[in-house]
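If you want the building blocks of each chain, they are given just below.
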Amino acid sequence: MADEKYQTLDLAMNEVFDWSEDKTPLRDALWNHYMDESNKNTSSTLAHLKAYKTMSDKEIKAEAEKVLK
């Protein structure tokens, strides 16, 4: 059974947000965003994504929407 805490991160973008038609998993969309933002700096990207581990599903959706919309 998948870790329910991170279930939102494993859903496709179009399942999480009504404004998206993208079928990329949210986790991958965030990874791609932060990699592009940090000029492909993996350490920086991991630091950004680590913050999502402490968030609730509602917080994950809100923070992800801020950076991806």
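The structure this text deals with has already been given above.
Residues numbered from 1 in each chain as written. Predicted model: local features only at pLDDT ≥ 70, side-chain atom pairs only at ≥ 80, totals over all residues. Heavy atoms only, no water.

Engineer: Would you take a moment to explain the nonpolar core for this structure?
Structural biologist: Residues Phe-17, Leu-26, Leu-30, Tyr-52 and Ile-60 are the most contacted members of the largest nonpolar core, which totals 13 residues. Mapped onto this core, the elements with two or more residues apiece are α2 (13-16), α3 (26-37), α4 (42-52) and α5 (57-68). By residue number, the principal contributor to this core is α3, which donates four residues. Those residues in contact with Phe-17 that lie beyond four places of it in its chain are Leu-26, Lys-61, Ala-64 and Glu-65. (Core = buried A, V, L, I, M, F, W, Y, C linked by side-chain atoms within 4.5 Å. Buried < 20%, exposed > 50% of the residue type's maximum accessible area, 1.4 Å probe, protein only. Helix = DSSP H or I, 4+ residues; strand = E, 2+ residues; numbered from the N terminus. Contact = heavy atoms within 4.5 Å.)

Engineer: What is the right way to look at the packing of aromatic side chains in this model?
Structural biologist: The way to describe two aromatic rings as a pair is by their centre distance and the angle between their planes. The full count for this structure, using the stated rule, is two aromatic pairs. Judged by centre distance (4.7 Å) and plane angle (20°), the ring pair of Phe-17 and Trp-19 falls under stacked. Residue Phe-17 is classed as buried on the basis of its relative accessible area, which comes to 4%. By relative accessible area, Trp-19 is classed as partly exposed at 28%. Centroid distance Tyr-34 to Tyr-52: 6.4 Å. Interplanar angle 55°. Geometry classified as tilted. Here Tyr-34 is found in helix α3, whereas its partner Tyr-52 is found in helix α4, with 18 residues between them in sequence. The same class applies to Tyr-34 and to Tyr-52, which are both buried. (Phe/Tyr/Trp six-rings, centres within 6.5 Å; stacked < 30°, edge-to-face > 60°.)

Engineer: Would you mind showing me how to read the layout of surface pockets here?
Structural biologist: Which parts of space are left empty comes out when a probe the size of a water molecule is rolled across the atoms. Of the volumes computed, that of the largest pocket is approximately 180 Å³. Lining the largest pocket are Tyr-6, Leu-9, Arg-27, Leu-30, Trp-31, Leu-46, Leu-49, Lys-50, Tyr-52 and Lys-53. Looking at which element gives the most residues to the lining of the largest pocket, the answer is α4, with four residues. The class makeup of the residues in the lining of the largest pocket is seven nonpolar, no polar and three charged. (1 Å grid on protein atoms, 1.4 Å probe; cavity = no way out; pocket = protein on both sides within 12 Å on 5 of 7 lines; lining within 4 Å. Points joined across faces, edges and corners; volume = space filled by probe spheres on them. Nonpolar A, V, L, I, M, F, W, Y, C, P; charged D, E, K, R; others polar.)

Engineer: What am I meant to see in α3 here?
Structural biologist: Over its twelve residues, α3 runs 16 Å from end to end, which matches the ideal 16 Å to within 8%, given 1.5 Å per residue. Regarding α3, the residues found buried are Leu-26, Ala-29, Leu-30, Tyr-34 and Met-35. Elements that come into contact with the buried residues of α3 comprise α1 (7-10), α2, α4 and α5. (Expected span 1.5 Å × (residues − 1).)

Keep in mind these numbers describe shape, not what the thing actually does.
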